[in-house]
Amino acid sequence: GESVAQASAGDTVEVILPQTAFYVAAGGQIADTGHIRSANGANWAIRIDDVRRPAAGLIAHRGKVVAGSPAVGDKAAAAVDAQRRQDIIRNHTATHLLHAALHRVLGEHARQAGSLVAPDRLRFDFNHGEAVSKAELREIEALVNGWVLDNWPVVIEHKPLDQAKAEGAIALFGEKYADNVRTVQIGDDVFSYELCGGTHVA
């Protein structure tokens, strides 16, 4: 709850770095975990369990000091848990595939109303006036699995919001977007095109 010049093993801390590769929870995708370690031989380490944005432009890495005594001004090396990140990445791209399949099978009204993208699972909330039938579910699963096996390219671009919307990019209702946005397109015929700041497979 207060700024300190140094921490000790066992302390729970929030660390601010000049730059980071850690993903902050957003858009249903959970935050990265990993470690921050000394890069100048001081032999300390912090296990990072969460990453948050307490204010615009500020990212705080929350975790526990597991060795040594990190201090303000120390040189540090931050490392994301790569295997966990890869699992999350696959599940995030899968939510986009699922969204596209829902549109094809159930209709354009089946829009995202929430999601969870974690390393072990994904959850996709959507609006639909009735229960999805077993036949529809089989068709949705077949579409998504087929697209995965087809190994379509995932193209990520930054462009003006008005241009992305004019091109048909799906934006989340109620979400606030900057003038320039990040778009994620899947497929040579672009069957999935969404505004998204999350991590994805290639």
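All values derive from a computational prediction rather than experimental measurement.

Quick notes on the rules
Residues numbered from 1 in each chain as written. Predicted model: local features only at pLDDT ≥ 70, side-chain atom pairs only at ≥ 80, totals over all residues. Heavy atoms only, no water. Helix = DSSP H or I, 4+ residues; strand = E, 2+ residues; numbered from the N terminus. Buried < 20%, exposed > 50% of the residue type's maximum accessible area, 1.4 Å probe, protein only. Salt bridge = Lys/Arg side-chain N within 4 Å of Asp/Glu carboxyl O. Pairing = 2+ DSSP bridges. Phe/Tyr/Trp six-rings, centres within 6.5 Å; stacked < 30°, edge-to-face > 60°.

**Side note on unusual backbone geometry**
So, step 1. In this model, Asn-151 sits at a positive phi of 55 degrees, which is unusual for a non-glycine residue.
So, step 2. In this structure, Asn-151 sits in the loop between helix 2 (134-150) and strand 8 (154-160).
So, step 3. Of note, the phi angle at Val-190 is positive, near 45 degrees, even though the residue is not glycine.
So, step 4. Judged by relative accessible area, Val-190 falls into the partly exposed class, the value being 33%.

**Some points on the pattern of salt bridges**
So, step 1. For the coordinates displayed, the defined rule picks out nine salt bridges.
So, step 2. Arg-52 serves as the salt-bridge partner of Glu-14, at 2.7 Å between the closest nitrogen and oxygen. Here Glu-14, found in strand 1 (residues 12-16), pairs with Arg-52, found in strand 3 (residues 45-55); they are 38 residues apart in sequence, far enough to count as distant.
So, step 3. Judged by relative accessible area, Glu-14 falls into the partly exposed class, the value being 35%.
So, step 4. The exposure class of Arg-52 is partly exposed, given its relative accessible area of 36%.
So, step 5. In this structure, the salt-bridge partner of Arg-123 is Asp-125, at a minimum N-O distance of 3.0 Å.
So, step 6. With a relative accessible area of 27%, Asp-125 lands in the partly exposed category.
So, step 7. It is possible to trace a salt-bridge network through shared partners that takes in Glu-14, Arg-52 and Arg-62.

**Remarks on the pairing of strand 4 (residues 58-67)**
So, step 1. Relative to strand 4, strand 1 runs antiparallel, the two being bridged by five bridges. Bridge pairing in strand 4 places Val-13 opposite Gly-63.
So, step 2. As judged from the eight bridges shared by strand 3 and strand 4, these two strands associate in the antiparallel manner. Note on strand 4: the bridge partner recorded for Val-51 is His-61.
So, step 3. In this structure, the hairpin formed by strand 3 and strand 4 is closed by a connection of two residues, where Gly-57 is found at a positive phi of approximately 80 degrees.

**Regarding the packing of aromatic side chains**
So, step 1. Tallying each qualifying case throughout the model produces two aromatic pairs.
So, step 2. Geometrically, the ring pair formed by Trp-147 and Phe-191 is stacked, given 4.1 Å between the ring centres and 15 degrees between the ring planes. Of this pair, Trp-147 sits in helix 2 while Phe-191 sits in the loop between strand 9 (180-186) and strand 10 (192-195); the two residues are 44 residues apart in sequence, bridging distant segments of the chain. Across the pair, Phe-191 and Trp-147 agree in class, each one buried.
So, step 3. With a centroid separation of 6.1 Å and 75 degrees between ring planes, the pair formed by Trp-152 and Phe-191 is classed as edge-to-face. Taken as a pair, Trp-152 in the loop between helix 2 and strand 8 and Phe-191 in the loop between strand 9 and strand 10 lie far apart in primary sequence, 39 residues in all.
So, step 4. Classification of Trp-152 by relative accessible area gives partly exposed; the value is 26%.
So, step 5. One aromatic cluster in this structure is built from Trp-147, Trp-152 and Phe-191.

Any functional reading would require information that these geometric values do not contain.
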